[in-house]
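# Notes for the structure review
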Amino acid sequence: MTDDEIAQRKMQFLYALRSKGVTDKAVLEAMEAIDRGPFIRGLFAARAYEDMPLPIACGQTISQPSVVGLMTQALQISPRDKVLEVGTGSGYQAAILSKLARRVYTVDRHRRLVRQAREIFDAMNLTNITAITGDGSFGLPDQAPFDRILVTAAAEDPPGPLLAQLKVGGIMVVPVGQSDAVQSLIRVRKSETGLEYDELRPVRFVPLLEGLGKDT
Ligand code: SAH
């Protein structure tokens, strides 16, 4: 691809985000600043600027950019926030969060994905992200509580430990569903009096699984 072609594709990329409802200025700026290209290796690299989910290592997927944008927007991040992401995958979503928040912790059950994501964070000089291998359904008790929590794999219910690690006044966004086919993106707000849920849109994510993954 020539520089002109890349510039053209990036413009179309931002246009697609806006037309699908990503309107928050700070989120759009973060998505303009983070090049999706380096997060996709191999065969599908040429399709990085399409608004499509794409396969990554370990049988996982990098989410569709417009869904990344809508989830990020739903989190209503402030610059002072400490954010937890469960499901590092390629690292793309964490990189975008890092432009909006003070500090990002991201956890994946595949060591290989965490290692590859760290390499990209270093190359992009994103120094406020800590990527950790582990089962993210238990959160990160040592770093809790969090202002914002984003889960990028689908659970049957929002995991209890994550709800417990959310600050009062905090927001968690999580895809919830009992099968691959029917999932809904849920936003949970925690207040002094309890939890308040609202349903944002239908989505399709890989499942939240227990334990560590076998790297492939
Ligand atoms: N946010 C990613 C896409 C995530 S795909 C991106 O921007 O590219 C979902 C990821 O969740 C996969 O990488 C999968 O390994 C991870 N995952 C599934 N169950 C998990 C768990 N219990 N703990 C941590 N990560 C998990």
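Residues numbered from 1 in each chain as written. Predicted model: local features only at pLDDT ≥ 70, side-chain atom pairs only at ≥ 80, totals over all residues. Heavy atoms only, no water.

### A closer look at the sheet that holds strand 8 (residues 183–191)
Spatially, 5-4-3-6-7-8-9 is the arrangement adopted by the 7 strands of the open sheet, whose pairing is mixed. The strands lining the two open edges of the sheet, one partner per strand, are strand 5 (129–133) and strand 9 (194–203). Across the sheet, the mean angle separating the axes of adjacent strands is 15 degrees when strand polarity is ignored. Relative to strand 4 (residues 103–108), strand 3 (residues 82–86) is paired through 5 bridges, and the arrangement is parallel. (Pairing = 2+ DSSP bridges. Helix = DSSP H or I, 4+ residues; strand = E, 2+ residues; numbered from the N terminus. Axes fitted to C-alpha atoms, helices over the stretch in contact; angles between N-to-C directions.)

### Comments concerning the UniProt feature "active site" (unreviewed entry) in the chain
According to UniProt, the "active site" (unreviewed entry) feature falls on S63. As for its position among the elements, S63 is in the loop between strand 2 (61–62) and helix 3 (65–75). Here S63 is in contact with R36, M52, P53, V68 and F205, once residues within four sequence places are set aside. (UniProt positions renumbered as here; feature names shortened; annotations may be inferred. Contact = heavy atoms within 4.5 Å.)

### Quick notes on the side chain of K190
Note that K190 resides in strand 8. No salt bridge forms around the buried K190; measuring N to O, its nearest opposite-charge neighbour E192 is 9.9 Å away. Here L166 takes part through its backbone oxygen, which lies 2.9 Å from a polar atom of the side chain of K190. Setting aside residues no more than four positions away along its own chain, K190 makes contact with L163, A164, L166, K167, V168, G169, G170 and L195. (Buried < 20%, exposed > 50% of the residue type's maximum accessible area, 1.4 Å probe, protein only. Lys, Arg positive; Asp, Glu negative; His and termini not counted. Salt bridge = Lys/Arg side-chain N within 4 Å of Asp/Glu carboxyl O. Polar contact = N/O pair within 3.5 Å; in protein donor to acceptor, adjacent residues only side chain to side chain.)

### Describing the packing of aromatic side chains
The full count for this structure, using the stated rule, is 3 aromatic pairs. Here the aromatic rings of F13 and Y49 are separated by 6.4 Å at their centres, their planes lie at 90 degrees, and the arrangement is edge-to-face. Note that F13 is positioned in helix 1 (residues 3–19) and Y49 in the loop between helix 2 (25–33) and strand 1 (54–55), a separation of 36 residues in sequence. Exposure class is identical for F13 and Y49. Each is buried. (Phe/Tyr/Trp six-rings, centres within 6.5 Å; stacked < 30°, edge-to-face > 60°.)

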